[in-house]
Amino acid sequence: MREIFKRVEDGLEIIIESDMNAYAYSNKYGWLLSVFIKFNAADESQEGFEEFLETKESLIIALEHDEKAKYVGGRTVDGWSELYFYADDSKGLDKIVADILAPSNYIYESHTVRDGKWDFHYKNLTPNELELAHIESNKIIALLEEEGDLLDHSRPVEHYISFDTPTQKDRFVALLPLDGFVLKDEISSEEFEHAIAIVKEHAVTEEVLFEVVSRIFELIKEHNGYYEGWSTTLVSKEA
């Protein structure tokens, strides 16, 4: 399952695609193949973008043939599309890449290094806790959009937070209201023994949720809590 998220490194925004199931292959594949392709989606037509995606998938299929390698993710940064594979052997990989990319006329380069511990994947392709929260947030936004939600309309949004101990929870609650948040409920269940729901009115666009979730996450971590997601009601034209 491939997930998309954003990260900022050295002032540059990077779009990262990560196969969330990739670690299942970590005991089998110990060579990292990096393929860099000069391609800026922002400068391309829809037709050019689709052509690139077809080339990318052709490369993935060719390298994954006979389970020789596994595509584990990619990064888009500064006009380059970076594709990463882990393989069982370094031999023959560059030839497979050339067979697919040389006829395409893309500027590209590739190289292979030993990475038995998957250090590169962990540092550069694996989402951290906050990035995972943004991934799940974007899934909710996509579902709302499919239902015709007016994403830019403000409405009450509930955010859920859990803690390991009641003391951690009580200290956090004592700081409310935080940035306009108010406590709605204290939650105790088999899954979350010490949890709360806080609510604030805001839009549910990707940009707004990115800022809101990032801010909540910062506050939560000061009190050793865990962000558990958010929910809201549908706002549509019919409503």
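Nothing here was measured: the structure is a model prediction, and the numbers come from that model.

A. Spatial organisation of the packing of aromatic side chains. Throughout the structure, instances matching the rule amount to 11 aromatic pairs. Look at Phe-52 and Tyr-106: their rings are 5.9 Å apart centre to centre, the planes differ by 85 degrees, and that puts the pair in the edge-to-face class. With Phe-52 in helix α1 (residues 46–64) and Tyr-106 in the loop between α2 (93–101) and β6 (108–114), this residue pair connects regions lying 54 residues apart in the sequence. Take Phe-52 and Tyr-106: they sit in the same class, and that class is buried. Ring geometry for Tyr-84 against Phe-120: centres 4.5 Å apart, planes inclined by 40 degrees, an arrangement best described as tilted. Of the two residues, Tyr-84 sits in strand β5 (residues 80–87) while Phe-120 sits in helix α3 (residues 119–124), which places them 36 residues apart along the sequence. What makes Tyr-84 buried here is its relative accessible area of 3%.

B. Inspection of the sheet that holds strand β7 (residues 155–163) at higher detail. One open sheet holds the 4 strands; their spatial order is β8-β9-β7-β10, and the pairing between them is antiparallel. This sheet does not close on itself; its edge strands, each paired only once, are β8 (182–187) and β10 (226–232). On average, each strand axis in the sheet is tilted by 25 degrees relative to the strand beside it, whichever way the strands run. With 6 bridges connecting them, β7 and β10 associate as antiparallel partners. For Ile-161, the partnering residue across the bridge sits in β10 and is Tyr-227. Together, β7, β9 (194–202) and β10 form the strand contacts of helix α6 (residues 206–221), whose direction differs from that of β10 by roughly 145 degrees.

C. Up close: the pairing of β5. Counting buried positions along β5 yields 7 of 8 residues, so the element is predominantly enclosed. In this sheet, β5 lies alongside strand β4 (residues 69–77) in antiparallel orientation, the contact comprising 8 bridges. Opposite Arg-75, over in β5, you have Glu-82 as the bridge partner. Turn length for the β4-β5 hairpin, with the two strands adjacent in sequence and antiparallel, is 2 residues, and the turn residue Asp-78 shows positive phi of about 50 degrees.

D. Spotlight on the environment of Ile-15. Among the structural elements, Ile-15 can be located in strand β2 (residues 12–19). Residues Ile-15 and Gly-74 lie 59 residues apart in sequence; the distance between their C-alpha atoms is 8.3 Å. Each residue touching Ile-15, except ones within four places of it in the same chain, is listed here: Ile-4, Phe-5, Lys-6, Gly-74, Arg-75 and Thr-76.

E. Structural detail: the nonpolar core. Of all hydrophobic cores here, the largest spans 23 residues; its most connected members are Ile-161, Phe-172, Ile-196, Val-204, Ile-216, Tyr-227 and Trp-230. Elements represented by at least two residues in this core include exactly α4 (129–146), β7, α5 (166–173), β9, α6 and β10. Sort the elements by how many residues they give to this core and α6 lands first, with 7 residues. Non-local contacts of Trp-230, meaning those with residues more than four positions away in its chain, are made with Ser-137, Ile-140, Ile-141, Leu-144, Val-157, Glu-158, His-159, Tyr-160, Val-204, Leu-209 and Val-213. In this structure, Leu-33, Phe-52, Leu-59 and Tyr-71 belong to the second largest nonpolar core, which totals 18 residues.

Quick notes on the rules
Residues numbered from 1 in each chain as written. Predicted model: local features only at pLDDT ≥ 70, side-chain atom pairs only at ≥ 80, totals over all residues. Heavy atoms only, no water. Phe/Tyr/Trp six-rings, centres within 6.5 Å; stacked < 30°, edge-to-face > 60°. Helix = DSSP H or I, 4+ residues; strand = E, 2+ residues; numbered from the N terminus. Buried < 20%, exposed > 50% of the residue type's maximum accessible area, 1.4 Å probe, protein only. Pairing = 2+ DSSP bridges. Axes fitted to C-alpha atoms, helices over the stretch in contact; angles between N-to-C directions. Contact = heavy atoms within 4.5 Å. Core = buried A, V, L, I, M, F, W, Y, C linked by side-chain atoms within 4.5 Å.

Without other data, these values stay purely geometric and don't point to any function.
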